[in-house]
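Inside the fold
Here's the letter readout for the chains.
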Amino acid sequence: MRRQRYWYAYRGLVVKQTRRFARAWVQNLLPSVVTAALFMIIFGHLVGREIAGMGGVPYADFILPGLILLAVVTNAYNNVTLAFYGARLQRHIEELLVAPLPAWLIVAGFATGGVLRGLLAGALVMLVAVPFTSLQVHHPAATLGIAVLSALLFALAGLINGLFARSFDHTSVIATFVLTPLIYLGGLFYPVARLDEPWQSLAAANPMHYMIAGFRHGLLGTGAFAGTTTFAILAAATVAVGGLAWWLVARGVRIRA
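Residues numbered from 1 in each chain as written. Predicted model: local features only at pLDDT ≥ 70, side-chain atom pairs only at ≥ 80, totals over all residues. Heavy atoms only, no water.

As a further point, take unusual backbone geometry. For the bond running from Glu-197 to Pro-198, omega is 5°, close enough to zero to count as cis. Mapping Pro-198 onto the fold places it in the loop between α8 (173-188) and α9 (199-204). Phi angles above zero are rare outside glycine, and Arg-91 is one such case at about 70°. If you trace the backbone, Arg-91 turns up in the loop between α4 (59-89) and α5 (93-98). Looking at Arg-91, the relative accessible area reads 48%, which means it is partly exposed. Of note, Arg-254 is a non-glycine position whose phi angle comes to about 65°, a positive value. Tracing the chain through its elements places Arg-254 in the segment after α11 (227-251). With a relative accessible area of 31%, Arg-254 lands in the partly exposed category. (Helix = DSSP H or I, 4+ residues; strand = E, 2+ residues; numbered from the N terminus. Buried < 20%, exposed > 50% of the residue type's maximum accessible area, 1.4 Å probe, protein only.)

To continue, consider the packing of helix α3 (residues 30-47) against α4. Axis separation between α3 and α4 bottoms out at 10 Å; the angle between their running directions is 160°. Overall, the two elements α3 and α4 adopt an arrangement that is roughly antiparallel. Viewed along their axes, α3 and α4 form a crossing whose handedness is right-handed. Along its contact with α3, which presents Ser-32, Ala-36, Phe-39, Met-40, Phe-43 and Gly-44, the element α4 presents Tyr-59, Ala-60, Ile-63, Leu-64, Leu-67, Ala-71 and Asn-75. Split by residue class, the contact of α3 with α4 holds 10 nonpolar, three polar and no charged. (Axes fitted to C-alpha atoms, helices over the stretch in contact; angles between N-to-C directions. Parallel < 35°, antiparallel > 145°, perpendicular 65-115°, else oblique. Left-handed = near helix turned anticlockwise from the far one by under 90°. Contact = heavy atoms within 4.5 Å. Nonpolar A, V, L, I, M, F, W, Y, C, P; charged D, E, K, R; others polar.)

Here the focus is the side chain of Asn-75. Mapped onto the elements of the fold, Asn-75 is located in helix α4. With relative accessibility at 2%, the residue Asn-75 sits in the buried group. Engagement of the side chain of Asn-75 in a polar contact is seen with the backbone oxygen of Ala-71, the distance being 2.7 Å. Apart from residues lying up to four places away in sequence, Asn-75 is in contact with Asn-28, Leu-29, Ser-32, Arg-117, Gly-118 and Ala-121. (Polar contact = N/O pair within 3.5 Å; in protein donor to acceptor, adjacent residues only side chain to side chain.)

The subject of this paragraph is the pattern of salt bridges. Applying the stated criterion to the full structure yields one salt bridge. Close ionic contact of Arg-91 with Glu-94 constitutes a salt bridge, the shortest N to O distance being 2.4 Å. Take Glu-94: its relative accessible area is 30%, and that puts it in the partly exposed class. (Salt bridge = Lys/Arg side-chain N within 4 Å of Asp/Glu carboxyl O.)

Moving on to the packing of aromatic side chains. The full count for this structure, using the stated rule, is eight aromatic pairs. Centre to centre, the rings of Trp-7 and Tyr-10 are 6.1 Å apart; their planes meet at 40°, and the pair counts as tilted. Here Trp-7 pairs with Tyr-10, and both are found in helix α1 (residues 2-23), just three residues apart, close to one helical turn. Using a relative accessible area of 24% as the deciding quantity, one classes Tyr-10 as partly exposed. With centroids separated by 5.4 Å and ring planes inclined at 50°, the aromatic side chains of Phe-39 and Phe-189 adopt a geometry described as tilted. With Phe-39 in helix α3 and Phe-189 in the loop between α8 and α9, the pair connects residues that are 150 residues apart, well separated along the chain. You'll find Phe-39 and Phe-189 in the same group, each marked buried. One aromatic cluster in this structure is built from Phe-39, Tyr-184 and Phe-189. The ring centre of Phe-62 lies 3.7 Å from the NZ or CZ of Arg-216, which sits over that ring. (Phe/Tyr/Trp six-rings, centres within 6.5 Å; stacked < 30°, edge-to-face > 60°. Lys NZ or Arg CZ within 6 Å of the ring centre and 35° of its normal.)

Take the confidence of the model for the chain next. Here the chain shows a mean pLDDT of 87. Residues at 70 or above account for 97%. The secondary-structure element of the chain with the lowest mean pLDDT is α9, recorded at 80, while helix α6 (residues 103-129) shows the highest, at 94. (pLDDT = per-residue confidence, 0-100.)

Before going further, it helps to spend a moment on α4. Each α-helix winds once per 3.6 residues, and so residues spaced three or four apart point in a common direction. With 31 residues, α4 should reach 45 Å at 1.5 Å per residue; the first-to-last C-alpha distance of 45 Å fits that figure. Among the 31 residues of α4, 28 are classified as buried, and the element is accordingly described as predominantly covered. (Expected span 1.5 Å × (residues − 1).)

Moving on: the nonpolar core. Residues Ile-63, Phe-84, Phe-110, Phe-154, Leu-159 and Ile-183 are the most contacted members of the largest nonpolar core, which totals 68 residues. Examining the composition of this core, we find that 18 residues originate from one element, α4, more than from any other. Among all residues touching Phe-84, those that are not within four sequence positions of it are Ile-93, Phe-110, Leu-159, Gly-162, Leu-163, Val-249 and Ile-255. (Core = buried A, V, L, I, M, F, W, Y, C linked by side-chain atoms within 4.5 Å.)

Following this line, the structure appears as structure tokens:
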């Protein structure tokens, strides 16, 4: 009986979060698609014609994995941040807190909504970019695994941001000044191996570099990819951030009067 109750509660949370971003798909999904299309036209097609290739593939193919991952993580992060902050602002988070539901289920419901939006945005970007590339997925399991883990990691991080945000302005600070720069500096437009020191060492400390490199290898089959290390780091980071999110919600930090 308890398992059935938990399943209905989880399903209800996921459906609510999915309907929330699906109703406003123009604001939630379309910007990532338009941004990726502009990058592919300007950098991949127009500028890319002047570049012989990069990483053994055409330049348009080279930048596509980073653009897809950018859409995945930013959408997963923003969805949960805004959803959780909105629940706090409108006070309906209290309905979940007084219900006989464990904190982990609340976290899982919000995070799943973010993962679904992130993966949907990434799939739309891929579909739009296909006419500009010669895309062939070489390692589908690795590609999907990195996309799901990346979306889950940043969805959980977005929940923590939504937990501590004091205004709508605070919900975009991390995404704007931390997340997006890390992706752009993680090898989205260039191979990190071509950087001079100390920039190469600094880039090697950027976790987004390994996510983009792994995702690029999964899609294009190029570049060095330490699969075990990448998945271990992603899984460990996801467990750590998820554990922190669970602990904060269970303790009622910033959500209990």
